[in-house]
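Single-letter residue listing:
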Amino acid sequence: MKRASVIAGVLALLASVPSAAQTVSIGLQGALGDYREVSSNLKYRGVGGGATLWVHYNRFSVEGSASRISYDPRDQNAGLTSFKATELDARLGVDLAAGFTAEVGAMKRTVDPELSAQEMGAGRIGVRYSKLIGPGATVGLRGNYLVGAKFTGEGTAGLAFELGLLASIGAPNGRYRFTMDYGFQRVDRKVSGSSVPIEQSLVKVGVAVGF
Amino acid sequence: MRYAVIGFLLLVPVALRGQVAPQNATLRRAIQAYENLDFPQVIVLSRASLRERLSAPERARAEELLGFAFSATNQPDSAISAFKEAILLDPDRQLDPRRVSPRITGYFNAALGQVLVVRQVKVDSARFISGTAGNGVAIRFTVTTPARVRTRAISGQTSLLIDSSIVAGTLNLKWTGTMPNGDPVAPGRWSIVVEAFGAGQSSFSASQEVMVAVGAVDTVAHLTALPGYTELPETEIPPQSGRPLGIALLYTGAAGAGALALNNGDLGTTTGREIGVAAAAALITGFVMTLKKPAPRPALGNIQYNKLLREQLARRNADITQQNAQLRRQVQITVVPIVRVAR
């Protein structure tokens, strides 16, 4: 929670310094999620919402988003309990070439009630490629490697990454736009040599207003 | 010979028509006698009038009348002598060969060859830029006998030598309107004075007044566009195509295939709800963009053309600036001759 406050503070600070080369946009989304853990028996499906703050300053961009999904077990008879997952994402991007951006950042997912699913946090490093397909419309792909993943239970993740599909359409001046952000996350967690993987699909569809 | 005399008699009175009637009564009577072909009486009355108080034109008229009468009475020496006096009194005096008999014209020309006068000093009206080669105001005059002729422009204390040469006949000169140091002359009234110095002590001078005005030379306005050339639009709208939908399809396919390939089999098969929603959103985006008018894109050829056009325009304006700097240093001189009022 403390870390989330720090990220929000940094984002707010960036947003408060307007510049000719700076664009700030805030978005609200509805979210759909699919969460799996350990085996094919632990499957959850959820609905929720989220918010995103996006700041672009010259070649640099900062993106912070928060989402809260209420997950319910797919198999109601398996004795599993529903939980709420809160996920915070932060990304710092540097434009390397036209549409091609290198990203570093962090993510943290907490669950409520505790221990109903694995909480995790990780750093991320990767790339994003966005293609302008028309005035005010882009589609893009994202690939991030999740580094140093930590879990509430023990364990390590040798292979942890996320794949994303992005799309947005709106006014050419960026004043408003409809956004879609899809992320597929696979974490091959191992505890004492045993495989306890985690997988999440999360799609957020919403609107954003630019300043 | 008889026909010649008749012709002479017919022509001479006509020669006197059209001239202003003199104020002197004796001279008027002499003219009347001439019209009546009473030549002895003309000689008597003309000589009598010359003894009276006459203006210079009247005096020249009386001498001319004497010349005509002596010619008619076959006294060439006296005729030439009378014409010489008339020419000295009025150097610009001319006989109209259509109205005056060839014999009288011959005596008059003989008289012209025996006196030194500067005749018909003419200065043209002109407007020119001072100090540029070939520019100036034309001056023309006739010297009746060979003489050293000095032509000057005089205004107040300033005297500028225009030309000095030995001349017989008509001379054409050009005055550049500049001081010896190259500066333009001061505006105002100037006299073009022609002095002729003949053999012995004979000399003659004639002049023509001119008004000189000095003004700035017009400069050339800078160009805002090259005539006949217009800038082309630097962006162009490409034709509508299915490319946006194609790109969205490609990206959606890549994401879907990636998610499918990376799906962990131990966790079961993914439902596809989330990727389905994402794919639908991306494809709608591509579809909408396919229907929408494409964004303008830079027209590189036109940009290059406009750049060359602007460079050319800048070069032309730089030339104009240079030309104007030169023009601002120049002075336009206007010379207008002042018409002499007959007294």
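Structure: above.
These notes cover the structure that comes with them. (Residues numbered from 1 in each chain as written. Chains lettered and ligands numbered in written order. Predicted model: local features only at pLDDT ≥ 70, side-chain atom pairs only at ≥ 80, totals over all residues. Heavy atoms only, no water.)

### Re the overall build of chain B
In plain terms, the rule: Helical segments are the DSSP runs of H or I of at least four residues, strand segments are the runs of E of at least two, and each set is numbered from the N terminus. The buried label goes to any residue with under 20% of its type's maximum accessible area, the exposed label to any with over 50%, and the partly exposed label to all in between, with areas taken from a 1.4 Å probe on protein chains only. Note on contacts: a residue pair is in contact if any heavy atoms of the two residues lie within 4.5 Å. Each accessible area is a Shrake-Rupley result for a 1.4 Å probe, and residues are judged covered by the shown protein chains and nothing else.
The secondary structure content of chain B amounts to nine helices and nine strands. By the burial criterion, 40% of the 343 residues in chain B qualify as buried. The long-range share in chain B, meaning contacts at least 24 apart out of those at least 6 apart in sequence, stands at 69%. Accessible surface, chain B: about 19,000 Å² in total, of which carbon and sulfur atoms supply 56%.

### Side note on helix α2 (residues 25-35) of chain B
Residues and elements named next belong to chain B. Which entries qualify depends on this criterion: Throughout, the arc means the angular range of directions from the helix axis out to the C-beta atoms.
Taken residue by residue, α2 has T26, L27, A30, I31, A33 and Y34 as its buried positions. Looking down the long axis of α2, one finds its buried residues gathered within 160° of arc, a one-sided arrangement. Remark: L37 follows α2 within two positions and exhibits a positive phi of approximately 60°.

### What about helix α7 (residues 243-262) of chain B?
Residues and elements named next belong to chain B. Worth spelling out the cut-off: The span expected for a helix works out to 1.5 Å for each residue beyond the first.
In this model, α7 (20 residues) spans 28 Å end to end at C-alpha, consistent with the 28 Å of a helix rising 1.5 Å per residue. Listed as buried for α7 are P244, I247, A248, Y251, T252, A255, G258 and A259. The buried side chains of α7 occupy one side of the element, clustering within an arc of 130° when seen end-on. The outward face of α7, more than 90 degrees from its buried face, is lined by the exposed residues R243, L249, L250, L260 and A261.

### As for the interface of chain B and chain A
Heads up, the rule is: Two parts placed together each lose some accessible area; with a 1.4 Å probe, that loss summed over both constitutes the buried area. Salt bridges are defined as contacts in which a side-chain nitrogen from Lys or Arg sits within 4 Å of a carboxyl oxygen from Asp or Glu. Polar contact is the term for a pair of N or O atoms within 3.5 Å; when the atoms are in protein, one must be able to donate a hydrogen and the other to accept it, and sequence-neighboring residues count only if both atoms are side-chain atoms.
At the junction of the two partners, chain B supplies 34 residues and chain A supplies 41 residues. Summed over both partners, the interface of chain B with chain A buries about 3,000 Å², with 71% contributed by carbon and sulfur atoms. On the chain B side of the contact with chain A, Y251, L267 and R273 of chain B bury the most area, a combined 25% of that side's loss. For the pair chain B and chain A, the number of links is zero salt bridges. The tally of links from chain B across to chain A stands at four residue pairs in polar contact (both at pLDDT 80 or more). Looking at the side of chain B that touches chain A, the elements with two or more residues in it are α7 and α8 (273-291) of chain B.

### Notes on the packing of helix α5 (residues 76-89) of chain B against helix α6 (residues 102-112) of chain B
Residues and elements named next belong to chain B. For clarity, the threshold we go by: Fitted lines through C-alpha atoms serve as axes, helices being fitted only where they are in contact, and the angles separating the N-to-C directions of these axes extend from 0 to 180 degrees. Each angle gets one of four labels, with under 35 degrees taken as roughly parallel, over 145 as roughly antiparallel, 65 to 115 as roughly perpendicular, and the rest as oblique. The handedness criterion is simple: a crossing whose near helix is rotated anticlockwise from the far helix by less than a right angle is left-handed, and one whose near helix is rotated clockwise is right-handed. Residues were grouped as follows: Ala, Val, Leu, Ile, Met, Phe, Trp, Tyr, Cys and Pro as nonpolar; Asp, Glu, Lys and Arg as charged; and all remaining residues, including Gly, as polar.
At a minimum axis distance of 8 Å, the contact between α5 and α6 shows a crossing angle of 60°. In this view, α5 runs oblique relative to α6, as classed from their interaxial angle. The handedness of the crossing between α5 and α6 comes out as right-handed. Between α5 and α6, the contacting residues are P76, A79, I80, F83, K84 and I87 on the first element and I104, Y107, F108, A110, A111 and L112 on the second. Considered class by class, the residues forming the contact of α5 with α6 number 11 nonpolar, no polar and one charged.

### Examining the pattern of salt bridges
For the structure on display, the rule yields 23 salt bridges over all chains. The partner of R142 of chain A in a salt bridge is D181 of chain A, with the nearest N and O atoms 4.0 Å apart. Remark: D181 of chain A occurs in strand β9 (residues 176-191) and R142 of chain A occurs in strand β7 (residues 137-151); sequence separation between them is 39 residues. Note on R142 of chain A: relative accessible area 6%, which makes it buried. Its salt-bridge partner being E195 of chain B, residue R150 of chain B comes within 3.3 Å of it at the nearest N-O pair. Residue R150 of chain B is found in strand β3 (residues 137-155), and its partner E195 of chain B is found in strand β5 (residues 188-197); the two are separated by 45 residues along the sequence. Take R150 of chain B: its relative accessible area is 32%, and that puts it in the partly exposed class. The buried category is assigned to E195 of chain B, whose relative accessible area is 15%. If you follow the salt bridges from partner to partner, you end up with E63, D89, R91, E103, R124, R128, R142, E162 and D181 of chain A in one network.

### What about the packing of helix α3 (residues 39-50) of chain B against helix α4 (residues 56-72) of chain B?
Residues and elements named next belong to chain B. Contact geometry of α3 with α4 gives a least axis separation of 9 Å together with a crossing angle of 155°. On the basis of the axis angle, α3 is roughly antiparallel to α4. Considering only the axes of α3 and α4, their crossing is left-handed. Across the interface between the two elements, F39, V42, I43, S46, R47, S49 and L50 of α3 pack against R59, A62, E63, L65, L66, A69, F70 and A72 of α4. Here the contact of α3 with α4 is built from residues that sort into 10 nonpolar, two polar and three charged.

### Remarks on the packing of aromatic side chains
Two numbers describe a pair of aromatic rings. These are the distance of the centres and the angle of the planes. All names here are of chain A. Stated precisely, the cut-off is as follows: In this scheme Phe, Tyr and Trp rings, the latter by its six-membered ring, pair at centre separations within 6.5 Å, and the angle between planes marks the pair as stacked below 30 degrees, edge-to-face above 60, and tilted otherwise.
Counted under the stated rule, the structure contains 12 aromatic pairs over all chains. Relative to F83, the ring of Y71 has its centre 5.3 Å away and its plane inclined at 35°; by these criteria the two rings are tilted. Of the two residues, Y71 sits in strand β3 (residues 60-73) while F83 sits in strand β4 (residues 83-97), which places them 12 residues apart along the sequence. Judged by its relative accessible area of 3%, F83 is buried. Centroid distance F100 to Y129: 6.2 Å. Interplanar angle 50°. Geometry classified as tilted. Linking F100 in strand β5 (residues 100-112) with Y129 in strand β6 (residues 120-134), this pair joins segments that are 29 residues apart in sequence. Assessed through its relative accessible area of 33%, F100 is described here as partly exposed. Judged by relative accessible area, which is 31%, Y129 ranks as partly exposed.

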